[in-house]
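Observations on chain architecture
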Amino acid sequence: MKNRTDSKYFPFSLLFLVAILFLMFASSCFEKSLGRPVPKKVIPEKDFISILKDLYLTDGLLTVPTIRDEFPEKDSIAAYNDIITNYGYTKDAMDLTLEYYFVKKPKRLIKIYDRILGELTETDIRLSNLPVDLSSPYNNQWNGLSSYSFPDPWGLLNSEFSLPLNSQGHFTLSFTVTIFPFDQTVNPQFIAWFCSADSIETGKKYFLPPIKYIKDGYPHVYTLTETNRRSNPMILKGNLYESENNPDLGERFGSIENILFAFTGGL
């Protein structure tokens with residue numbers, strides 16, 4: 001299964017990522033450098049913004065299972081260092097720059113954060129406005145509601161789904177998820193599995209890796225692709241908003257929208 005997260009919606013907020021970077025990179029030299037003038041090695045703001053944007057995107061990419069599986073030896077620190085080096089700077093320079101903005105210019109850092117999110121938002125809007133070819137075989141075949149919003153005071157919404165896969169072929173499932181920090185579910189996530197159409201309840205289930213959602217109040221776009229290589233008719237079943245606790249004991253606060261499903265027969 002391939003899981004792609006749109007660049008604007010990577011799971012961690014940029015400001016949180018910057019804070020983590022600051023703690024990881026600058027803790028060793030923080031105390032002895034407080035109060036000193038602006039260091040000569042501070043990275044120019046233009047490059048600093050570009051580096052932060054790439055760090056943000058990389059942080060999201062490293063949460064995608066297929067990318068993490070392809071580069072298992074690449075931890076986040078090594079990836080961050082690679083980005084800084086590619087811009088012609090050193091880890092020490094990034095340490096000093098992060099320290100400088102956190103200690104000397106925190107308000108400016110907030111403005112930089114807003115600017116980066118604004119640029120990513122503009123990119124997302126441009127991508128969302130690209131024309132869609134309705135004659136494409138990837139027309140939406142989703143058979144459920146187009147969106148789900150929780151809490152559901154009437155108890156009418158069911159985020160479970162069942163999609164027919166009548167032959168061998170490929171499918172794509174895409175959806176946008178927003179889970180708010182005050183959501184009361186435990187480990188909200190997407191789960192799905194294949195099962196034979198003639199033994200849905202008793203047959204063997206072939207589970208796909210789950211997608212764990214982030215409770216940050218921001219929309220995240222996920223796109224999954226998978227191939228059904230079984231010749232007999234199959235059913236793709238699952239739940240867009242599963243949790244590890246009883247939903248009746250923990251109110252859901254979130255939404256799922258822009259749900260698209262396409263299946264094309266043949267390998």
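Above this note sits the structure.
Criteria and cut-off values
Residues numbered from 1 in each chain as written. Predicted model: local features only at pLDDT ≥ 70, side-chain atom pairs only at ≥ 80, totals over all residues. Heavy atoms only, no water. Helix = DSSP H or I, 4+ residues; strand = E, 2+ residues; numbered from the N terminus. Buried < 20%, exposed > 50% of the residue type's maximum accessible area, 1.4 Å probe, protein only. Contact = heavy atoms within 4.5 Å. Areas by Shrake-Rupley, 256 points an atom, 1.4 Å probe, with all protein chains shown as cover. Salt bridge = Lys/Arg side-chain N within 4 Å of Asp/Glu carboxyl O. Expected span 1.5 Å × (residues − 1). Pairing = 2+ DSSP bridges.

So, about the overall build of the protein. On a plain count of helices and strands, the protein comes out with 7 helices and 10 strands. Out of the 267 residues belonging to the protein, those deemed buried represent 42%. Residue pairs in contact within the protein that sit at least 24 positions apart in sequence constitute 84% of those at least 6 positions apart. As presented, the protein carries roughly 14,600 Å² of accessible surface, and 56% of it is formed by carbon and sulfur atoms.

Throughout the structure, instances matching the rule amount to 3 salt bridges. Two residues, Glu45 and Arg108, come together in a salt bridge whose shortest N-O distance is 2.3 Å. Of this pair, Glu45 sits in helix H3 (residues 45–61) while Arg108 sits in helix H7 (residues 106–128), and the two are 63 residues apart along the sequence. The class of Arg108 is partly exposed, set by a relative accessible area of 32%. Put simply, Asp95 and Lys91 hold a salt bridge, and the shortest N to O gap is 3.2 Å. With a gap of 4 residues between them, Asp95 and Lys91 both fall in helix H6 (residues 91–103), about one helical turn apart. Looking at Lys91, the relative accessible area reads 35%, which means it is partly exposed.

Okay, unusual backbone geometry next. Between Phe150 and Pro151 the backbone carries a cis peptide bond, its omega angle lying at 10°. Within the element layout of this structure, Pro151 appears in the loop between strand S2 (148–150) and strand S3 (160–165).

This part is about H6. With 13 residues, H6 should cover 18 Å at 1.5 Å per step; its first-to-last C-alpha distance of 18 Å lies within 8% of that length. Residues of H6 that are buried: Ala93, Met94, Asp95, Leu96, Thr97, Leu98, Glu99, Tyr100 and Tyr101.

With that settled, consider the pairing of strand S5 (residues 189–196). Burial of S5 is extensive: 8 of the 8 residues sit out of reach of the surface. The two faces of S5 match: Gln189, Ile191, Trp193 and Cys195 on one face and Phe190, Ala192, Phe194 and Ser196 on the other face are all buried. Strand direction decides the pairing type here: S5 and strand S7 (residues 211–212), joined by 2 bridges, are antiparallel. Of the residues in S7, the one forming a bridge with Gln189 is Lys212. Pairing of S5 with strand S9 (residues 234–242), which is carried by 7 bridges, proceeds in the antiparallel orientation. The residue bridging Ala192 from the neighbouring strand is Gly238, located in S9. Of the pairings in the sheet, the one linking S5 to strand S6 (residues 206–207) comprises 2 bridges and is antiparallel in character. Each bridged residue has a counterpart across the sheet, and for Trp193 the counterpart in S6 is Phe207.

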